[in-house]
Amino acid sequence: MPLDRRQLLLSLAAGIAAAPARRLEKVLPPPAPPALLGPNGEVDWRAVRELFPLAPDWTHLASFLFVSHPKPVAQAIDNFRRKLDSDPLWIERAAFTDSEGRPLDKVKHTLAGYVGGQPAEICLTSNTTGALAIAYHGLRIRADQEVLTTEHDHYSHHESIRYAAMRSGCAVRYISLYDRPAAASGAQIAERIERAIGPKTRAVGVTWVHSSTGVKIPIDAIAAAVARANRGRADDDRCQLIVDGVHGFANQDVDAARLGPDFFASGTHKWLFAPRGTGFLWGRSDAWPHLRPMIPAFDPDGPETWDAWKDRKALPSVKAAFMSPGGFLAYEHVLAIPAAVELHRTIGRANIATRIAELNGAFRDGASQINRLTLHTPRDPALSGGITCFEIAGLTADQVTDRLTAKRIRTSSSPYKVSYARVSAGVMNSPQDIDAALRALREIAA
């Protein structure tokens, strides 16, 4: 009688246990939380900065792209790396049995707690791009239906939609949510989407914070508009709201899942400062059946996929565990995600959101006073997040970033048809960093 996967894994574990004794590394207890809070609960932001091994002779204002691993995250990665190097099959036992506490379960629980959903609603991915591809390529959409998206979304979002449309034959429609980003209106954004949704619209794809302009859009109002459009629709015609949330996730004090999207895609290696190469797709429990699996899953919460393979039978109703891409991963990075979430909790999500809003608000206030500099991000905090887009008359975006680089200030330019220079302050930054950037820009614009 052939062994099933669980029996095989247990027998492998037993074989290892019976092998000649040798010293195995153990997962060490997590290090004590860093002393980041003062006696009255105030955050020591200098101590927060010291967690990041960023070069001290540079001003770092582009960490929203690719974050430096803070010390607790780096320690967790190294901890799991040593464990896996010492006993590589530990990951099989830990994933599929209860003997090691199922650390992948902890990853899902911590992410679900941060996003405001349930662990069973989390599909683990490597980044936002992969999460969006899973959502759109998995979507059960007919050739007579369409995806509605906006002119402002990123390459990864647009191309995930376009590639999926090439496979299904569905239409893709692009709309503009505002005429001038600096003058964007939340009510107008929601109204334009609601007017554009038609009976054939099967999905609405939007981005929470546009890295092209820095505009933060009202996901809750858009979700309400989608809900109104869905009244009376058959299940196969229901419109799904798919959100690229990466530049709002972990810098806003809000449970993203409770804003009302059907699917929410985000990398965790940006504002959450989790390990590089990690991300997720959250979906409402009743939304997952609208997708088809795209990549064979190895998720221990989805053993039905293995049963269906062995018996050559159809999968049951789709759930998140069926959608997590299978194959072996950089497990030491995936398993270290909870260390990043714990660091956020130590600092306080509200404290983080307030700090990011204050620093970036100060930059916008100062930049608005510089001659020849035009802000394209709204100064209203309700319509802006942690990214500020701007231009200086007579200079390209790359020329601005090059001149800032010459002054040892790291910034970025937006990779869009119309490109702007971008400044972004995170928890690793200080008011002095903002002052340095503004001083440099006054010199550049003079």
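Read on for a plain summary of the structure.

Definitions and cut-offs
- Residues numbered from 1 in each chain as written.
- Predicted model: local features only at pLDDT ≥ 70, side-chain atom pairs only at ≥ 80, totals over all residues.
- Heavy atoms only, no water.
- Helix = DSSP H or I, 4+ residues; strand = E, 2+ residues; numbered from the N terminus.
- Expected span 1.5 Å × (residues − 1).
- Buried < 20%, exposed > 50% of the residue type's maximum accessible area, 1.4 Å probe, protein only.
- Contact = heavy atoms within 4.5 Å.
- Patch = residues over 30% accessible without salt bridge, like charges linked within 9 Å, V, L, I, M, F, W, Y side chains within 5 Å.
- Areas by Shrake-Rupley, 256 points an atom, 1.4 Å probe, with all protein chains shown as cover.
- Salt bridge = Lys/Arg side-chain N within 4 Å of Asp/Glu carboxyl O.
- Pairing = 2+ DSSP bridges.
- Axes fitted to C-alpha atoms, helices over the stretch in contact; angles between N-to-C directions.
- Parallel < 35°, antiparallel > 145°, perpendicular 65-115°, else oblique.
- Left-handed = near helix turned anticlockwise from the far one by under 90°.

## Observations regarding helix H7 (residues 155-168)
Taking 1.5 Å of rise per residue, the 14 residues of H7 would be expected to cover 20 Å, and the 20 Å separating its terminal C-alpha atoms lies within 8% of that figure. Among the residues of H7, those classed as buried are Ser 156, His 157, His 158, Glu 159, Ser 160, Ile 161, Ala 164 and Ala 165. Turning to H7, the residues buried within the fold contact helix H6 (128-138), strand E3 (146-150), strand E4 (171-175), strand E5 (201-207) and strand E6 (240-244). Positive backbone phi, approximately 85 degrees, marks Gly 169, located one or two places after H7.

## Structural notes on a nonpolar patch on the surface
A cluster of nonpolar residues, Tyr 155, Tyr 163 and Met 166, forms a patch on the protein surface that exposes about 380 Å² of accessible area. Tracing the backbone through its elements, the reader meets Met 166 in helix H7. Accessibility expressed as a relative area gives 60% for Met 166, which makes it exposed.

## A closer look at the sheet that holds strand E10 (residues 388-392)
Taken in spatial order, the 4 strands line up as E9-E10-E13-E12 in an open sheet, and their pairing is antiparallel. A strand with exactly one partner marks an edge of an open sheet, and here the two such strands are strand E9 (373-375) and strand E12 (412-413). Of the strand pairs in this sheet, E9 and E10 are connected by 3 bridges, and their pairing is antiparallel. By the bridge assignment, Thr 374 is partnered in E10 with Glu 391. Sitting on the sheet, helix H14 (residues 349-367) touches E9, E10 and strand E13 (421-423), and the angle it makes with E10 is about 20 degrees.

## Here's the deal with the pairing of E5
For E5, the buried fraction is high: 7 of the 7 residues fall into the buried class. Alignment of E3 against E5, held across 4 bridges, turns out to be parallel. What sits directly across from Val 147, in E5, is Ala 203. Looking at chain direction, E5 and E6 are connected through 5 bridges and run parallel. Residue pairing across strands places Val 204 opposite Leu 241, the latter belonging to E6.

## Observations regarding the packing of H14 against helix H16 (residues 431-445)
Axis separation between H14 and H16 bottoms out at 10 Å; the angle between their running directions is 20 degrees. Considering the angle they form, H14 stands roughly parallel to H16. Our pair here, H14 against H16, has a crossing hand that is right-handed. Of the residues in H16, those in contact with Arg 355, Leu 359, Ala 362, Phe 363, Gly 366 and Ala 367 of H14 are Pro 431, Ile 434, Ala 437, Leu 438 and Leu 441.

## Describing the pairing of strand E8 (residues 279-283)
Taken across its 5 residues, E8 has 5 buried, putting it largely inside the fold. Of the two faces of E8, both are covered, the one formed by Gly 279, Leu 281 and Gly 283 as well as the one formed by Phe 280 and Trp 282. In the sheet, strand E7 (residues 263-267) pairs with E8 via 5 bridges, with the strands oriented antiparallel. If you follow Phe 263 over to E8, its bridge partner there is Gly 283.

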